[in-house]
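Chain and residue survey
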Amino acid sequence: MTRLLTPPFFEIGPKNLLRQTEIEALAVAAGAAGAEHEVDVVLTVPNALVTRTAELDSGVLVFAQAMDADTIGATFGSTTAEALVDAGADGVMLNHESRQLDPETLAETVSRAHGVGLLTIVCAGTIGDAVRFSLLNPTAILFEPPALIGTSGAVSRSWIPEANTAVRDTSGAVLMMHAGGVASPTIARHIMAAGADGTGSTSGVLGALDRSDAARTFIASTRQGFDEALASPQHVQHNEGDRT
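1. Some details on the overall build of the protein
A tally of helices and strands in the protein yields 9 helices and 8 strands. Relative to the 2.2 N^0.38 estimate, which gives 18 Å for 244 residues, the radius of gyration of the protein is 17 Å and therefore close to what a compact globule would have. Projected onto its principal axes, the C-alpha positions of the protein cover 55 × 40 × 35 Å. Across the protein, every contact between residues at least 6 apart in sequence was considered, and the portion connecting residues at least 24 apart equals 67%. Here the protein has roughly 10,800 Å² of accessible surface; of this, 51% comes from carbon and sulfur atoms. Between the mean site of the 14 positive side-chain charges and the mean site of the 28 negative ones, the protein shows a separation of 5 Å.

Structure representation (C-alpha coordinates):
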(Lines give C-alpha, C1' and ligand atoms only; values in the text may rest on other atoms or scores of the structure.)
Protein backbone atom coordinates (compact mmCIF):
# COMPACT_ATOMS: atom_id res chain seq x y z
CA MET A 1 0.00 0.00 0.00
CA THR A 2 1.34 3.41 -1.00
CA ARG A 3 2.18 5.66 1.92
CA LEU A 4 1.03 9.27 1.76
CA LEU A 5 3.11 12.39 2.30
CA THR A 6 1.31 14.85 4.55
CA PRO A 7 2.19 18.18 6.19
CA PRO A 8 4.30 18.86 8.06
CA PHE A 9 7.22 17.07 6.45
CA PHE A 10 10.99 17.35 6.48
CA GLU A 11 13.37 16.04 3.81
CA ILE A 12 17.03 15.12 4.18
CA GLY A 13 19.02 14.61 0.98
CA PRO A 14 22.47 13.16 1.67
CA LYS A 15 23.43 13.14 -2.05
CA ASN A 16 26.50 10.86 -2.29
CA LEU A 17 28.11 12.22 0.86
CA LEU A 18 27.38 9.28 3.17
CA ARG A 19 28.05 5.54 3.20
CA GLN A 20 25.31 3.04 4.00
CA THR A 21 26.03 2.71 7.72
CA GLU A 22 25.89 6.48 8.11
CA ILE A 23 22.60 6.65 6.24
CA GLU A 24 21.20 3.88 8.44
CA ALA A 25 22.04 5.79 11.63
CA LEU A 26 20.46 8.94 10.21
CA ALA A 27 17.33 7.06 9.13
CA VAL A 28 16.80 5.57 12.59
CA ALA A 29 17.23 8.91 14.36
CA ALA A 30 15.09 10.84 11.88
CA GLY A 31 12.36 8.21 11.88
CA ALA A 32 12.12 8.27 15.66
CA ALA A 33 12.02 12.08 15.74
CA GLY A 34 9.38 12.12 13.03
CA ALA A 35 7.18 9.77 15.04
CA GLU A 36 7.69 11.80 18.23
CA HIS A 37 6.79 15.14 16.62
CA GLU A 38 4.26 13.81 14.07
CA VAL A 39 6.35 14.97 11.12
CA ASP A 40 6.66 12.93 7.94
CA VAL A 41 10.36 12.48 7.18
CA VAL A 42 11.68 11.92 3.67
CA LEU A 43 15.19 10.52 3.27
CA THR A 44 16.38 10.85 -0.34
CA VAL A 45 19.15 8.32 -0.83
CA PRO A 46 21.31 7.11 -3.73
CA ASN A 47 19.32 4.65 -5.81
CA ALA A 48 21.70 1.80 -5.04
CA LEU A 49 21.02 2.20 -1.31
CA VAL A 50 17.22 2.30 -1.46
CA THR A 51 16.65 -1.34 -0.57
CA ARG A 52 18.87 -1.51 2.50
CA THR A 53 17.48 1.80 3.78
CA ALA A 54 13.89 0.68 3.23
CA GLU A 55 14.53 -2.64 4.97
CA LEU A 56 15.38 -0.77 8.18
CA ASP A 57 11.67 0.08 8.54
CA SER A 58 12.75 3.17 10.47
CA GLY A 59 9.60 5.13 9.74
CA VAL A 60 11.11 7.47 7.14
CA LEU A 61 9.79 7.67 3.59
CA VAL A 62 12.64 6.42 1.41
CA PHE A 63 12.97 8.37 -1.82
CA ALA A 64 15.32 7.64 -4.72
CA GLN A 65 17.41 10.49 -6.06
CA ALA A 66 16.44 10.00 -9.71
CA MET A 67 14.48 7.87 -12.14
CA ASP A 68 14.30 7.36 -15.89
CA ALA A 69 11.14 7.35 -18.00
CA ASP A 70 12.05 4.00 -19.58
CA THR A 71 9.44 1.28 -19.49
CA ILE A 72 10.23 -2.39 -18.88
CA GLY A 73 12.24 -3.47 -21.90
CA ALA A 74 15.67 -3.93 -23.40
CA THR A 75 17.23 -0.70 -22.19
CA PHE A 76 20.48 -0.86 -20.25
CA GLY A 77 21.76 1.12 -17.26
CA SER A 78 18.55 3.07 -16.63
CA THR A 79 16.34 3.01 -13.55
CA THR A 80 12.69 2.23 -14.21
CA ALA A 81 9.75 3.05 -11.97
CA GLU A 82 9.16 -0.67 -11.49
CA ALA A 83 12.76 -1.17 -10.35
CA LEU A 84 12.34 1.49 -7.67
CA VAL A 85 9.13 -0.11 -6.43
CA ASP A 86 10.84 -3.51 -6.31
CA ALA A 87 13.75 -1.93 -4.42
CA GLY A 88 11.34 -0.67 -1.76
CA ALA A 89 11.23 3.05 -2.58
CA ASP A 90 8.28 5.11 -1.42
CA GLY A 91 8.97 7.84 -3.93
CA VAL A 92 11.45 9.68 -6.09
CA MET A 93 12.81 13.22 -6.35
CA LEU A 94 12.80 14.58 -9.91
CA ASN A 95 14.34 17.55 -11.72
CA HIS A 96 16.91 18.27 -9.02
CA GLU A 97 19.10 21.25 -9.88
CA SER A 98 22.00 18.90 -10.63
CA ARG A 99 19.87 16.50 -12.72
CA GLN A 100 17.32 18.57 -14.59
CA LEU A 101 14.87 17.10 -17.11
CA ASP A 102 13.36 18.63 -20.22
CA PRO A 103 9.61 19.33 -19.91
CA GLU A 104 8.49 16.32 -21.96
CA THR A 105 10.73 13.90 -20.08
CA LEU A 106 9.68 15.34 -16.73
CA ALA A 107 6.00 14.89 -17.55
CA GLU A 108 6.57 11.33 -18.71
CA THR A 109 8.66 10.45 -15.67
CA VAL A 110 6.11 11.83 -13.20
CA SER A 111 3.38 9.87 -14.97
CA ARG A 112 5.45 6.67 -14.91
CA ALA A 113 6.18 7.10 -11.19
CA HIS A 114 2.55 7.65 -10.28
CA GLY A 115 1.49 4.75 -12.46
CA VAL A 116 3.28 2.33 -10.15
CA GLY A 117 2.36 4.10 -6.90
CA LEU A 118 5.51 6.12 -6.24
CA LEU A 119 5.28 9.53 -4.58
CA THR A 120 7.04 12.39 -6.37
CA ILE A 121 8.80 15.57 -5.33
CA VAL A 122 9.55 17.82 -8.32
CA CYS A 123 12.14 20.56 -7.92
CA ALA A 124 11.50 24.08 -9.23
CA GLY A 125 13.73 27.15 -9.15
CA THR A 126 11.17 29.83 -9.99
CA ILE A 127 7.52 30.46 -9.20
CA GLY A 128 6.73 30.12 -12.91
CA ASP A 129 8.34 26.68 -13.01
CA ALA A 130 6.51 25.68 -9.83
CA VAL A 131 3.18 26.58 -11.40
CA ARG A 132 3.97 24.76 -14.65
CA PHE A 133 5.18 21.66 -12.85
CA SER A 134 2.12 21.64 -10.60
CA LEU A 135 0.05 20.88 -13.71
CA LEU A 136 1.74 17.45 -13.67
CA ASN A 137 0.13 16.86 -10.26
CA PRO A 138 3.26 15.70 -8.44
CA THR A 139 2.92 14.87 -4.76
CA ALA A 140 4.94 17.96 -3.87
CA ILE A 141 6.84 20.83 -5.45
CA LEU A 142 10.23 21.63 -3.92
CA PHE A 143 10.64 25.38 -4.52
CA GLU A 144 14.33 26.11 -4.11
CA PRO A 145 15.80 29.27 -5.66
CA PRO A 146 19.17 28.22 -7.17
CA ALA A 147 21.01 31.11 -5.51
CA LEU A 148 20.17 29.65 -2.08
CA ILE A 149 21.34 26.09 -2.70
CA GLY A 150 24.32 25.22 -0.53
CA THR A 151 24.27 28.58 1.27
CA SER A 152 23.29 29.79 4.71
CA GLY A 153 20.09 31.40 3.50
CA ALA A 154 18.12 34.24 5.02
CA VAL A 155 15.55 33.48 7.70
CA SER A 156 12.84 35.56 6.05
CA ARG A 157 11.51 34.31 2.70
CA SER A 158 8.84 36.72 1.57
CA TRP A 159 8.04 34.75 -1.59
CA ILE A 160 6.56 31.73 0.23
CA PRO A 161 2.92 32.95 0.41
CA GLU A 162 3.02 34.14 -3.22
CA ALA A 163 4.45 30.84 -4.47
CA ASN A 164 1.97 28.82 -2.42
CA THR A 165 -0.99 30.79 -3.71
CA ALA A 166 0.16 30.54 -7.33
CA VAL A 167 0.55 26.76 -7.14
CA ARG A 168 -2.60 26.10 -5.13
CA ASP A 169 -4.68 28.22 -7.49
CA THR A 170 -3.44 25.92 -10.26
CA SER A 171 -3.48 22.55 -8.50
CA GLY A 172 -4.79 22.58 -4.96
CA ALA A 173 -3.66 19.08 -4.04
CA VAL A 174 0.07 19.69 -4.64
CA LEU A 175 2.10 20.17 -1.47
CA MET A 176 4.57 23.06 -1.30
CA MET A 177 8.01 22.40 0.11
CA HIS A 178 10.42 25.32 0.50
CA ALA A 179 14.15 24.85 0.97
CA GLY A 180 17.57 26.05 -0.17
CA GLY A 181 20.01 27.41 2.39
CA VAL A 182 18.18 25.85 5.34
CA ALA A 183 21.31 25.92 7.43
CA SER A 184 19.69 26.03 10.86
CA PRO A 185 16.58 24.80 12.66
CA THR A 186 15.57 28.44 13.10
CA ILE A 187 15.34 28.87 9.33
CA ALA A 188 13.31 25.66 9.06
CA ARG A 189 10.88 26.91 11.71
CA HIS A 190 10.41 30.27 9.97
CA ILE A 191 9.83 28.59 6.58
CA MET A 192 7.11 26.43 8.07
CA ALA A 193 5.59 29.35 9.97
CA ALA A 194 5.38 31.24 6.65
CA GLY A 195 3.04 28.57 5.30
CA ALA A 196 5.17 25.79 3.83
CA ASP A 197 3.88 22.23 3.92
CA GLY A 198 7.43 20.98 4.26
CA THR A 199 11.08 21.95 4.25
CA GLY A 200 14.42 20.18 4.30
CA SER A 201 18.14 20.46 4.80
CA THR A 202 21.25 18.69 3.61
CA SER A 203 24.18 20.81 4.81
CA GLY A 204 22.52 21.73 8.09
CA VAL A 205 22.18 18.06 9.04
CA LEU A 206 25.22 16.52 7.37
CA GLY A 207 27.56 19.33 8.45
CA ALA A 208 26.73 18.91 12.13
CA LEU A 209 29.10 17.17 14.54
CA ASP A 210 26.20 14.93 15.55
CA ARG A 211 24.00 14.35 12.48
CA SER A 212 21.39 12.38 14.39
CA ASP A 213 20.96 15.13 16.96
CA ALA A 214 20.81 17.75 14.19
CA ALA A 215 18.08 15.79 12.40
CA ARG A 216 16.06 15.58 15.60
CA THR A 217 16.39 19.33 16.19
CA PHE A 218 15.43 20.23 12.61
CA ILE A 219 12.39 17.95 12.75
CA ALA A 220 11.24 19.41 16.07
CA SER A 221 11.61 22.92 14.62
CA THR A 222 9.63 21.90 11.54
CA ARG A 223 6.75 20.87 13.80
CA GLN A 224 7.04 24.07 15.83
CA GLY A 225 6.86 26.28 12.73
CA PHE A 226 3.94 24.33 11.31
CA ASP A 227 2.02 24.73 14.57
CA GLU A 228 2.73 28.47 14.51
CA ALA A 229 1.27 28.63 11.00
CA LEU A 230 -1.84 26.73 12.12
CA ALA A 231 -2.36 29.28 14.88
CA SER A 232 -2.00 32.22 12.49
CA PRO A 233 -5.16 34.11 11.46
CA GLN A 234 -3.85 34.00 7.87
CA HIS A 235 -3.66 30.21 7.83
CA VAL A 236 -5.32 28.55 4.86
CA GLN A 237 -6.17 24.86 5.21
CA HIS A 238 -4.46 22.82 2.50
CA ASN A 239 -6.60 20.79 0.17
CA GLU A 240 -6.56 17.20 1.43
CA GLY A 241 -6.89 15.69 -2.06
CA ASP A 242 -5.11 12.72 -3.59
CA ARG A 243 -1.36 13.34 -3.43
CA THR A 244 -0.09 10.26 -5.19
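So, next bit.
2. Structural notes on the packing of helix H1 (residues 20–37) against helix H9 (residues 211–231)
Where H1 meets H9, the closest approach of the two axes is 9 Å, and the angle between their N-to-C directions is 30 degrees. Regarding the angle of H1 to H9, the classification is roughly parallel. Two packed elements cross with a definite hand, and for H1 against H9 that hand is right-handed. Touching Glu22, Ala25, Leu26, Ala29, Ala30, Ala33, Gly34 and His37 of H1 are Arg211, Ser212, Ala215, Arg216, Ile219, Ala220 and Arg223, all from H9. Here the residues of the contact of H1 with H9 are counted per class, giving 8 nonpolar, 3 polar and 4 charged.

3. Points about the side chain of His178
As for its position among the elements, His178 is in strand E7 (residues 175–178). At 2.8 Å, the side chain of His178 and the side chain of Asn164 are in polar contact. Those residues in contact with His178 that lie beyond four places of it in its chain are Leu142, Phe143, Trp159, Ile160, Ala163, Asn164, Ile191, Ala196, Gly198, Thr199 and Gly200.

4. Re the environment of Leu26
Residue placement: Leu26 occurs in helix H1. Taking C-alpha positions, Leu26 is 6.9 Å from Arg211, a pair spaced 185 residues apart along the chain.

5. Describing the environment of Met67
Here Met67 is to be found in the loop between strand E3 (61–64) and helix H3 (81–87). Using a relative accessible area of 3% as the deciding quantity, one classes Met67 as buried. When the C-alpha positions of Met67 and Asp57 are compared, they lie 22 Å apart, and in sequence the two are 10 residues distant. Those residues in contact with Met67 that sit more than four places away from it in its chain are Thr79, Thr80, Ala81, Leu84, Val92, Leu94, Thr109, Arg112, Ala113 and Leu118.

6. Topic: the layout of surface pockets
Looking at the largest pocket, its volume works out to about 630 Å³. When its residues are assigned to classes, the lining of the largest pocket shows 11 nonpolar, 18 polar and 5 charged.

7. What to know about helix H6 (residues 160–170)
Residues of H6 that are buried: Ile160, Ala163, Asn164 and Val167. Taken around the axis of H6, the buried residues stretch over an arc of 100 degrees, which confines them to a single face. Across H6 from its buried face, at more than 90 degrees, point the exposed residues Glu162 and Asp169. Residues of H6 that are buried in the fold lie against helix H5 (127–134), strand E6 (140–143), E7 and helix H7 (185–193).

8. A few points about H5
Residues of H5 that are buried include every one of Ala130, Phe133 and Ser134, and no others. An end-on view of H5 places all buried positions within 100 degrees of arc, on one side of the element. Of the surrounding elements, those touching the buried residues of H5 are helix H4 (103–115), strand E5 (119–124), E6 and H6.

What counts, and at which threshold
Residues numbered from 1 in each chain as written. Predicted model: local features only at pLDDT ≥ 70, side-chain atom pairs only at ≥ 80, totals over all residues. Heavy atoms only, no water. Helix = DSSP H or I, 4+ residues; strand = E, 2+ residues; numbered from the N terminus. Rg over C-alpha atoms; globule rule 2.2 N^0.38 Å. Contact = heavy atoms within 4.5 Å. Areas by Shrake-Rupley, 256 points an atom, 1.4 Å probe, with all protein chains shown as cover. Lys, Arg positive; Asp, Glu negative; His and termini not counted. Charge placed at Lys NZ, Arg CZ, Asp CG, Glu CD. Axes fitted to C-alpha atoms, helices over the stretch in contact; angles between N-to-C directions. Parallel < 35°, antiparallel > 145°, perpendicular 65-115°, else oblique. Left-handed = near helix turned anticlockwise from the far one by under 90°. Nonpolar A, V, L, I, M, F, W, Y, C, P; charged D, E, K, R; others polar. Polar contact = N/O pair within 3.5 Å; in protein donor to acceptor, adjacent residues only side chain to side chain. Buried < 20%, exposed > 50% of the residue type's maximum accessible area, 1.4 Å probe, protein only. 1 Å grid on protein atoms, 1.4 Å probe; cavity = no way out; pocket = protein on both sides within 12 Å on 5 of 7 lines; lining within 4 Å. Points joined across faces, edges and corners; volume = space filled by probe spheres on them. Arc of directions from axis to C-beta.

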